[in-house]
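Here's the letter readout for the chains.
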Amino acid sequence: MRNPRRRSRAAVAVAAAALTGIATLTACDASGGDDAAPNGPSAQDRAGRKAVPEWDASPRSLAAVGDSITRGFDACSVLSDCPEASWATGSDGEVRSLAQRLLGKQRAATHSWNYAKTGARMSDLTGQMEQAAARKPDLVTVMAGANDACRSSVAEMTPVSVFKADFEDALAALRRERPKAQVFVASVPDLKRLWSEGRENVLGKQIWKLGICKTMLQDADATDAASNRRRESVQERVVAYNEVLKEVCAKDLRCRYDGGAVFDFRFGTDHLSHWDWFHPSKSGQARLAEMAYRTITSRRP
């Protein structure tokens, strides 16, 4: 007669083997093989997709932050802001601002706000963002960084690490009040190209002597080694700033960077203010509005 203890141990071994086989099959299914799951995506997959917000190409309100470009500086008269010509929120029909393109003329007049300030640097953006957030906008546009490169000397340009920290602080200020607001970030313009275009105009170079973007524009006709190194240092810093804008924006699910569109745009003399040959004219402002609209309304960033 067989020992009952042996039969018992054998039965336990068989049962354990069966359970191990089932566990192995379950693990294979969970890791996802070549065959699709019979019941479609898992609850975890569905939840993950829902966590990614869908970009709204038709916001109903807009606030703008930034510097002199967004204030329309020198677009209408010498050394003066002209917010009605702003690419972001202006009312000038020649520009057809982003607000007008997105909201229509009537709604743009009551549901778009411009908190940009001439001379502002990235460190000023947090305060502007707080003002913008109080309006509860669906979309906030950002164009800043040129003044961080346009300083009295190369040594005074904002360090890249500080620029990044300031931009992160500004976005955090918005997110505290408007966690679901969308953000459009424009790249910093190619300052070296603006110098190259504007230096052909005698009047423009006289205006530059008043102190506009000294790091790039002072001694406009000088092409000695030191002057070329100075301008190249500014150019490299602008490129680094744009990398920061791209990187920080990419970490925010509701932020779109323009992909370098403003930096890459080949501004010609018609696109520059005929008061200072550096800031955008109404024609240049219109092109900025067009580029922003294209990015914001695209199905994909």
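Details of the structure are given in the entry above.
These remarks concern the structure in this document. (Residues numbered from 1 in each chain as written. Predicted model: local features only at pLDDT ≥ 70, side-chain atom pairs only at ≥ 80, totals over all residues. Heavy atoms only, no water.)

### Observations concerning a nonpolar patch on the surface
This is how it is decided: Nonpolar side chains (Val, Leu, Ile, Met, Phe, Trp, Tyr) within 5 Å and like charges within 9 Å form the patches, drawn only from residues with over 30% relative accessible area and no salt bridge. Computed by Shrake-Rupley with a 1.4 Å probe, the accessible areas treat only the displayed protein chains as cover when residues are assessed. By definition here, a salt bridge exists when the distance from a side-chain nitrogen of Lys or Arg to a carboxyl oxygen of Asp or Glu is within 4 Å. Each helix corresponds to a stretch of at least 4 residues labelled H or I by DSSP, and each strand to a stretch of at least 2 residues labelled E; elements are numbered beginning at the N terminus.
Taken together, the side chains of Val 78, Leu 79, Leu 210 and Trp 275 define a hydrophobic patch exposed on the protein surface, amounting to about 380 Å² of accessible area. As for its position among the elements, Leu 210 is in the loop between α9 (202–208) and α10 (214–217).

### A word on the nonpolar core
Stated precisely, the cut-off is as follows: What is meant by a nonpolar core is a set of buried Ala, Val, Leu, Ile, Met, Phe, Trp, Tyr and Cys residues, joined one to another through side-chain atoms within 4.5 Å. Only protein chains enter the area calculation, which uses a 1.4 Å probe; residues under 20% of their type maximum are buried, those over 50% are exposed, and those in between are partly exposed. Pairs of residues are marked as contacts when any of their non-hydrogen atoms sit within 4.5 Å.
Core analysis: the biggest nonpolar cluster contains 70 residues, and Trp 87, Met 129, Phe 167, Val 185, Leu 191 and Phe 278 have the highest contact counts within it. The element best represented in this core is helix α11 (residues 225–250), accounting for seven residues. Apart from the residues within four sequence positions on either side, Val 185 is in contact with Val 142, Phe 167, Leu 245, Cys 249, Cys 255, Arg 256, Tyr 257 and Asp 258.

### Focus: the environment of Val 234
Turning to its location among the elements, Val 234 is positioned in helix α11. Put simply, Val 234 and Arg 151 are 83 residues apart on the chain and 9.6 Å apart in space, counted from C-alpha to C-alpha. Beyond its immediate stretch of four places on either side in the chain, Val 234 contacts Ala 149, Met 157, Leu 191, Thr 215 and Met 216.

### Here we look at the packing of aromatic side chains
Inclusion rule: Side-chain rings of Phe, Tyr and Trp, where Trp is taken by its six-membered ring, are said to pair if the distance between their centres is within 6.5 Å; with planes under 30 degrees apart they count as stacked, over 60 as edge-to-face, and otherwise as tilted.
Throughout the structure, instances matching the rule amount to three aromatic pairs. Look at Phe 265 and Phe 267: their rings are 4.7 Å apart centre to centre, the planes differ by 90 degrees, and that puts the pair in the edge-to-face class. For Phe 265, a relative accessible area of 13% corresponds to the buried category. Residue Phe 267 is classed as buried on the basis of its relative accessible area of 5%.

### Thoughts on the pattern of salt bridges
The full count for this structure, using the stated rule, is 11 salt bridges. Between Asp 81 and Arg 71 there is a salt bridge; the shortest N-O distance is 3.6 Å. With a gap of 10 residues between them, Asp 81 in the loop between β1 (62–66) and α3 (98–103) and Arg 71 in the loop between β1 and α3 connect regions that are remote in the sequence. Classification of Asp 81 as partly exposed rests on a relative accessible area of 35%. Among the salt bridges present, the one from Lys 164 reaches Glu 247, with a minimum N-O distance of 2.9 Å. A residue pair is termed long-range when its members are at least 10 positions apart, and Lys 164 in helix α7 (residues 160–177) and Glu 247 in helix α11 qualify at 83 residues. A relative accessible area of 23% means that Lys 164 is categorised as partly exposed.

### Notes on the state of the cysteines
Just so we agree on the cut-off: Pairs of cysteine sulfur atoms within 2.5 Å are identified as disulfides in what follows.
The full count for this structure, using the stated rule, is three disulfides. A sulfur-sulfur distance of 1.9 Å marks the disulfide that ties Cys 76 to Cys 82. Across the S-S bond of Cys 76 and Cys 82 the torsion is about -60 degrees, and the bridge reads as left-handed. Take Cys 76: its relative accessible area is 30%, and that puts it in the partly exposed class. Disulfide pairing places Cys 249 opposite Cys 255 at an S-S distance of 2.0 Å. In this structure, the disulfide formed by Cys 249 and Cys 255 twists by about -115 degrees around the S-S bond and is classed as left-handed. In the chain, the bonded cysteines, taken in the order they occur along the sequence, pair up as 1-2, 3-4, 5-6.

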